[in-house]
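# Structural description and commentary
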Amino acid sequence: MSNLRFQRKLSSKILKSGSKKIILNNSYKQVLKEAYNRNILKNLIRKKIITKKISNFVSKSRKRIRTIKKRSGRSCGQGNVKGTLNARKNIKKKWINKIRLFRKILKKHRYTNKKICKIYSSNFLKHETQPNHYLKIKGNFFNDQKHLKNVLKANRYQLIKLIKTKASNK
């Protein structure tokens, strides 16, 4: 089939693949010899006389099994970790998110303190009497949200006591 080199080359351009991937049917040898232009070759491709060899892809079965295992918590131990801790989870971004969350909690707390002061009809306490939680947050004093909320709750009760004592003194 060395004399069908031209047909193989043209059909490879039509099918957009290499000439080695083209399969010519030997039983239609005479028809293939007469095919000299693209239109005739396209008709032969439609009739399945000329076909394209299917390329062997890598199977994804092993990948699927691995992802299923990973979802269930397997193969994620110390031996399978690639990259530093900072590369996997950016420490600075983690810190920024923590600070933002704490400041949001403080904002809510400040609002509730204003409400408390309105209820007991007294002026806002000065900055000296209230501990500066913003600086404590910046200095990484609080371990987590729960710790901060507990400190704020204790501070709120102190505030109410102070307001009540001031009101009773008047």
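Because the structure is predicted, anything quoted here is derived from the model rather than measured. Starting from 1, residues in each chain are numbered consecutively following that chain's sequence as written. Confidence filtering applies because this is a predicted model: local features only for residues at pLDDT of at least 70, side-chain atom pairs given and counted only at 80 or more, and all residues used for totals across whole chains, interfaces and linings. Side-chain numbers come from the whole structure's heavy atoms, not from hydrogens or water.

### Details of the overall build of the protein chain
- Numbered from the N terminus, helices here are DSSP runs of H or I no shorter than four residues, and strands are runs of E no shorter than two. Each helix and strand counted, the protein chain has eight helices and two strands in total.
- Helices (α) and strands (β) of the protein chain occur, in sequence order from the N terminus, as α-β-α-α-β-α-α-α-α-α.
- Out of the 170 residues in the protein chain, the part that is buried amounts to 20%.
- Reported accessibility uses the Shrake-Rupley method at a 1.4 Å probe radius. Residues are deemed covered only where the shown protein chains occlude them. Of the roughly 14,200 Å² that the protein chain leaves accessible, carbon and sulfur atoms contribute 53%. Per-residue accessibility, obtained with a 1.4 Å probe over protein chains only, is compared with the maximum for each type, and a residue is labelled buried under 20%, exposed over 50%, and partly exposed between these values.

### A look at the nonpolar core
- Ranked by size, the top nonpolar core spans 12 residues in total: Leu4, Leu10, Ile14, Ile22, Leu24, Leu32, Ala35, Leu41, Leu44, Ile45, Ile49 and Ile50.
- Of all the secondary-structure elements, those providing two or more residues to this core are helix H1 (5-15), strand E1 (22-24) and helix H3 (38-46).
- Among the elements that line this core, the one with the most residues is H3, at three residues.
- For this analysis, residues touch if any pair of their heavy atoms sits within 4.5 Å. Those residues in contact with Ile50, other than ones at most four positions away along the chain, are Ser11, Leu15, Ile22, Ile23, Leu24, Leu32, Leu41, Leu44 and Ile45.
- Among buried residues, those of type Ala, Val, Leu, Ile, Met, Phe, Trp, Tyr and Cys that are joined through side-chain atoms within 4.5 Å constitute a nonpolar core. Formed by eight residues, the second largest nonpolar core is a distinct cluster that contains Ile99, Phe102, Ile105 and Ile137.

### Comments concerning a positive patch on the surface
- Together, Arg66, Lys69, Lys70, Arg74, Lys82 and Arg88 line one region of the surface with positive charge.
- It is helix H4 (residues 61-71) that contributes the most residues to the positive patch, three residues altogether.
- Note that Arg66 resides in helix H4. Patch criteria: residues need more than 30% relative accessible area and no salt bridge. Like-charged residues are merged within 9 Å; nonpolar side chains of Val, Leu, Ile, Met, Phe, Trp and Tyr are merged within 5 Å. The salt bridge criterion pairs a side-chain nitrogen of Lys or Arg with a carboxyl oxygen of Asp or Glu, the two atoms within 4 Å. In this tally Asp and Glu are treated as negative and Lys and Arg as positive; neither His nor the chain ends contributes. Just so you know, the charge point we use is NZ for Lys, CZ for Arg, CG for Asp and CD for Glu.

### Side note on helix H8 (residues 145-169)
- The span expected for a helix works out to 1.5 Å for each residue beyond the first. Helix length check: H8 (25 residues) gives 36 Å between terminal C-alpha atoms against 36 Å at 1.5 Å per residue, within 8%.
- Those residues of H8 not exposed but buried are Leu148, Leu152, Asn155, Leu159, Ile160 and Ile163.

### A few points about the environment of Asn140
- Looking at the secondary structure, you find Asn140 in the loop between helix H7 (133-138) and H8.
- It is 8.9 Å that separates the C-alpha atoms of Asn140 and Ile99, two residues lying 41 residues apart in sequence.

### With respect to H1
- Every buried residue of H1 is accounted for by Gln7, Leu10, Ser11, Ser12 and Ile14.
- Directly beyond the C-terminal end of H1, a positive phi value near 55° is found at Lys16.

### Some words on the packing of H1 against H3
- Axis angles are defined between N-to-C directions and span 0 to 180 degrees, where every axis is a line fitted to C-alpha atoms and, for a helix, only to the segment in contact. Two elements in contact, H1 and H3, have axes whose closest approach is 10 Å; the angle formed by their N-to-C orientations is 70°. As summarised for this structure, H1 and H3 are arranged roughly perpendicular, according to the angle between their axes. Residues Gln7, Leu10, Ser11, Lys13, Ile14 and Leu15 of H1 lie in contact with H3, whose contacting residues are Arg38, Leu41, Lys42 and Ile45.
- Here the term charged refers only to Asp, Glu, Lys and Arg, the term nonpolar to Ala, Val, Leu, Ile, Met, Phe, Trp, Tyr, Cys and Pro, and the term polar to all other amino acids, Gly among them. Taken together, the residues of the contact of H1 with H3 sort by class into five nonpolar, two polar and three charged. Oblique is the label for any angle not under 35 degrees, not over 145, and not in the 65 to 115 range, which are roughly parallel, roughly antiparallel and roughly perpendicular in turn.

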